[in-house]
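Structural overview for review
For reference, the chains in residue letters:
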Amino acid sequence: MPSTVDLLPPAACLEHLESATSRFSTALAGGDLAAPVTSCGDWRLLDLTHHLGGIHRWARVAVIEGHPNGTPDDPPVDRAGLVAWFEEGAAAVLATLREAGPAAPCWSFGPKPRTTAFYRARCPPSGPPAS
């Protein structure tokens, strides 16, 4: 099966990531933070948000600094702080990936060549949602 990088052009991956993070943020703003996320074991919406926001920050460090040792910050647990924290992390990783371009070398656990295309490809192979 071809990788997502082969299926979507780099800009489409970022458009999809931006759309997906926006939709998640909207759901987060009105969702029950204690609601179970059935596809994630015993995680709640709060746990998933902490995970996704942490991944945004971790990936940004991997691109900018070239190593996987980003230090996670303590995410907020209140709704307003959590939404802002999630949106800030999403915006920061998107800006970093746009600025770096898809061929920029960076650390990743993916196959060589290790470039920012790896992080852009973290979107599903179905492609960006229809407008």
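Look up: the structure comes first, before these words.
A quick note: this is a predicted structure, and the numbers were derived from the prediction, not measured. (Residues numbered from 1 in each chain as written. Predicted model: local features only at pLDDT ≥ 70, side-chain atom pairs only at ≥ 80, totals over all residues. Heavy atoms only, no water.)

Right, let's get into the overall build of the protein chain. Along its length, the protein chain carries five helices and zero strands. For the protein chain, the N- to C-terminal ordering of α and β elements is α-α-α-α-α. Residue burial in the protein chain is summarised as follows: out of 131 residues, 37% are buried. Sequence separation of at least 24 residues holds for 63% of the intrachain contacts in the protein chain that already meet a minimum separation of 6. As presented, the protein chain carries roughly 7,500 Å² of accessible surface, and 60% of it is formed by carbon and sulfur atoms. (Helix = DSSP H or I, 4+ residues; strand = E, 2+ residues; numbered from the N terminus. Buried < 20%, exposed > 50% of the residue type's maximum accessible area, 1.4 Å probe, protein only. Contact = heavy atoms within 4.5 Å. Areas by Shrake-Rupley, 256 points an atom, 1.4 Å probe, with all protein chains shown as cover.)

Attention now moves to the pattern of salt bridges. In total, this model carries three salt bridges according to the counting rule given. Salt-bridge contacts for Arg98 lead to Glu18; the nearest nitrogen and oxygen are separated by 3.0 Å. Of the two residues, Arg98 sits in helix 4 (residues 79-100) while Glu18 sits in helix 2 (residues 10-30), which places them 80 residues apart along the sequence. The class of Arg98 is partly exposed, set by a relative accessible area of 41%. The class of Glu18 is partly exposed, set by a relative accessible area of 39%. Across the pair Asp73 and Arg57 runs a salt bridge whose closest N-O atoms are separated by 3.4 Å. (Salt bridge = Lys/Arg side-chain N within 4 Å of Asp/Glu carboxyl O.)

For His56, the position within the fold is in helix 3 (residues 45-65). Every residue in contact with His56, bar those within four places of it in the chain, is listed here: Thr21, Phe86, Gly89, Ala90 and Val93.

For the rest of this paragraph, the subject is helix 2. Taking 1.5 Å per residue, 21 residues should reach 30 Å; helix 2 reaches 31 Å between its end C-alpha atoms and fits that length. Turning to helix 2, its buried residues are Ala12, Cys13, Leu14, His16, Thr21, Phe24, Ser25 and Leu28. (Expected span 1.5 Å × (residues − 1).)

Next up on the list: helix 4. An ideal rise of 1.5 Å per residue puts 32 Å on 22 residues; helix 4 measures up with 32 Å between its terminal C-alpha atoms. Listed in full, the buried residues belonging to helix 4 are Leu82, Val83, Trp85, Phe86, Gly89, Ala90, Val93, Leu94, Thr96 and Leu97. Positive backbone phi, at 80 degrees, marks Gly101, one or two positions downstream of helix 4.

From the geometry alone we can't say anything about function, so treat these as descriptive.
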